[in-house]
Amino acid sequence: MKLGISSYAYGWAVGAGRAADASINALGWREQAQALQAFDENSLLDAARNFGFQLVQFGDHLPLHEFDATRLQNLKSRAQRENIELEIGARGLTPEHLSTYIELARELNAPILRFVIDGPGYHPSPDEVVSVIKDALPALQHTTLGIENHDRFPARVLREMVEEINSERVGICLDTANSLGAGEGIDEVVRELAPHTVNLHIKDFGVTRVPYLMGFVVEGRAAGQGMLNIPDVLQSLQPFGKCRSTVLETWVPPESDLKTTIEKEARWVEQSVEFLRGFNENN
């Protein structure tokens, strides 16, 4: 399975370039963001090149459907020139949005199209999701759709949806932390979803008890420094032979200001890449 980097490895840096970013605005950092150089698609390709990766996955916070034709062509040309494979992602699995991104995947030669089902004001039922995807199957000839586990749906429900769709072009984008929002641990998620996983998000995390003892805080960690047993997850996927790529993401707790947070994020990415590269070399 190919190792790469996701735009969500740089959640804060990418967010600094988008005025509507919820995390930036929630902390009142919009003015700080405007003073910083935007982290865009070229920054992400620069990072991949510097790490020696040949895979980049674009998440929905760097939305390709908002790129004009010239910007999209420049991205495609540079990726081809530097032999970097592109995977793309979106949020809000409506028929229209799915159709838009299937076309973008075709245009960019993206083998993986990762989708978060829910979007603002859009929370379809499992039956609605199945119907939307089944209708799109004839167009899924050049890319594989990976449905991401993301808070609302338990892993079992996601598995049942994929099995009902029953297409080699539809699988799971397995995120190693998101299902905590659905009250599920990684062992349960992997057990349910590993047979259908086509793309893996490595996102390490830690869980600590609050000082007053009544509750826990879940926060990100650099890969290899948290509670996620990365070797175990990778080994669990191997027997099924469907997961074609693994990409790094991070959840970086903010510092006192945006610039310091982005610098911390960059260090975490470097540490994570070093761990993942070392793990690959030793196995």
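Just so you know, these numbers come straight off a predicted model, no measurement behind them.

The rules behind each value
Residues numbered from 1 in each chain as written. Predicted model: local features only at pLDDT ≥ 70, side-chain atom pairs only at ≥ 80, totals over all residues. Heavy atoms only, no water. Helix = DSSP H or I, 4+ residues; strand = E, 2+ residues; numbered from the N terminus. Buried < 20%, exposed > 50% of the residue type's maximum accessible area, 1.4 Å probe, protein only. Contact = heavy atoms within 4.5 Å. Salt bridge = Lys/Arg side-chain N within 4 Å of Asp/Glu carboxyl O. Pairing = 2+ DSSP bridges. Axes fitted to C-alpha atoms, helices over the stretch in contact; angles between N-to-C directions. Arc of directions from axis to C-beta. Polar contact = N/O pair within 3.5 Å; in protein donor to acceptor, adjacent residues only side chain to side chain. Parallel < 35°, antiparallel > 145°, perpendicular 65-115°, else oblique. Left-handed = near helix turned anticlockwise from the far one by under 90°. Nonpolar A, V, L, I, M, F, W, Y, C, P; charged D, E, K, R; others polar. Expected span 1.5 Å × (residues − 1). Disulfide = S-S within 2.5 Å. Patch = residues over 30% accessible without salt bridge, like charges linked within 9 Å, V, L, I, M, F, W, Y side chains within 5 Å. Areas by Shrake-Rupley, 256 points an atom, 1.4 Å probe, with all protein chains shown as cover. Phe/Tyr/Trp six-rings, centres within 6.5 Å; stacked < 30°, edge-to-face > 60°. Lys NZ or Arg CZ within 6 Å of the ring centre and 35° of its normal.

A short note on the overall build of the chain
If you tally the helices and strands in the chain, you get 11 helices and 10 strands. For the chain, the C-alpha atoms occupy an extent of roughly 50 × 50 × 45 Å along the three principal directions. Taking all 283 residues of the chain together, the buried fraction comes to 52%. For the chain, the proportion of contacts with a sequence separation of at least 24, taken over those separated by at least 6, is 76%.

Topic: the pattern of salt bridges
Pairs can form between side chains of opposite charge once their charged atoms are near each other. For the structure on display, the rule yields 21 salt bridges. Ionic pairing is found between Asp 60 and Arg 114, a salt bridge with its closest N-O pair at 2.9 Å. One end of the pair, Asp 60, is in the loop between β2 (55-57) and α5 (69-81); the other, Arg 114, is in strand β4 (residues 112-116), and 54 residues separate them in sequence. Exposure remark for Asp 60: the relative accessible area of 16% places this residue in the buried category. Arg 114 gets classed as buried once you look at its relative accessible area, which sits at 2%.

Topic: the sheet that holds strand β10 (residues 245-248)
As summarised here, the arrangement of the 8 strands in space is β1-β2-β3-β4-β5-β6-β7-β10, forming a closed barrel in which the pairing is parallel. Shown here is a sheet whose adjacent strand axes are inclined to one another by a mean of 25 degrees, direction ignored. Bridge analysis of strand β6 (residues 170-175) against strand β7 (residues 197-202) gives 4 bridges, and the strand direction is parallel. When the sheet's bridge partners are listed, Asp 175 is paired in β7 with His 201.

Here we look at helix α7 (residues 126-136)
By the burial criterion, the buried members of α7 are Val 129, Val 130, Val 132, Ile 133 and Ala 136. Buried residues of α7, viewed axially, fall in a sector of 165 degrees; they line one side. Relative to its buried face, α7 has exposed residues pointing more than 90 degrees away, namely Asp 127 and Asp 135. Each element contacted by the buried residues of α7 is listed here: α6 (95-108), β5 (144-148), α8 (155-165) and β6.

Some words on the side chain of Thr 143
Tracing the backbone shows Thr 143 in the loop between α7 and β5. Thr 143 gets classed as buried once you look at its relative accessible area, which sits at 2%. Reaching out from Thr 143, the side chain makes a polar contact with the backbone oxygen of Pro 111 at a distance of 3.3 Å. Not counting residues up to four positions away in its chain, the partners in contact with Thr 143 are Ala 105, Ala 110, Pro 111, Ile 112, Leu 113 and Arg 169.

A short note on the packing of α6 against α7
Contact geometry of α6 with α7 gives a least axis separation of 10 Å together with a crossing angle of 40 degrees. Put simply, α6 runs oblique to α7. Between α6 and α7 lies a crossing whose hand is right-handed. Contact with α6, carried on its side by Pro 95, Leu 98 and Ile 102, involves Val 132, Ile 133 and Ala 136 of α7 and no other residues of that element. Looking at the contact of α6 with α7 residue by residue, the class counts come to 6 nonpolar, no polar and no charged.

Side note on α6
Along its 14 residues, α6 runs 20 Å from first to last C-alpha, staying within 8% of the 20 Å computed at 1.5 Å per residue. Here α6 has its buried residues at His 97, Leu 98, Tyr 101, Ile 102, Leu 104, Ala 105 and Leu 108. Along the axis of α6, the buried positions cluster into a sector of 165 degrees, meaning they face one direction only. Turning to α6, the residues buried within the fold contact α5, β3 (85-91), β4, α7 and β5. Positioned one or two residues after α6, Asn 109 has a phi angle of 55 degrees, which is positive.

With respect to the state of the cysteines
Taken as a whole and judged by the stated rule, the model has 0 disulfides. Distance from the sulfur of Cys 173, which forms no disulfide, to the nearest cysteine sulfur (Cys 243) is 8.8 Å.

Focus on a nonpolar patch on the surface
A surface patch of nonpolar side chains, amounting to about 520 Å² of accessible area, comprises Leu 180, Val 207, Phe 216, Val 218, Met 227 and Trp 251. Positionally, Met 227 belongs in the loop between β9 (216-220) and α10 (230-237). What makes Met 227 exposed here is its relative accessible area of 53%.

So, the packing of aromatic side chains
Scanning the entire structure with this criterion turns up 4 aromatic pairs. Pairing Tyr 101 with Phe 115 gives two aromatic rings, centres 6.1 Å apart and planes at 85 degrees, and the pair type is edge-to-face. Remark: Phe 115 occurs in strand β4 and Tyr 101 occurs in helix α6; sequence separation between them is 14 residues. Residue placement shows Arg 71 over the ring face of Phe 67; its charged tip is 3.7 Å from the ring centre.

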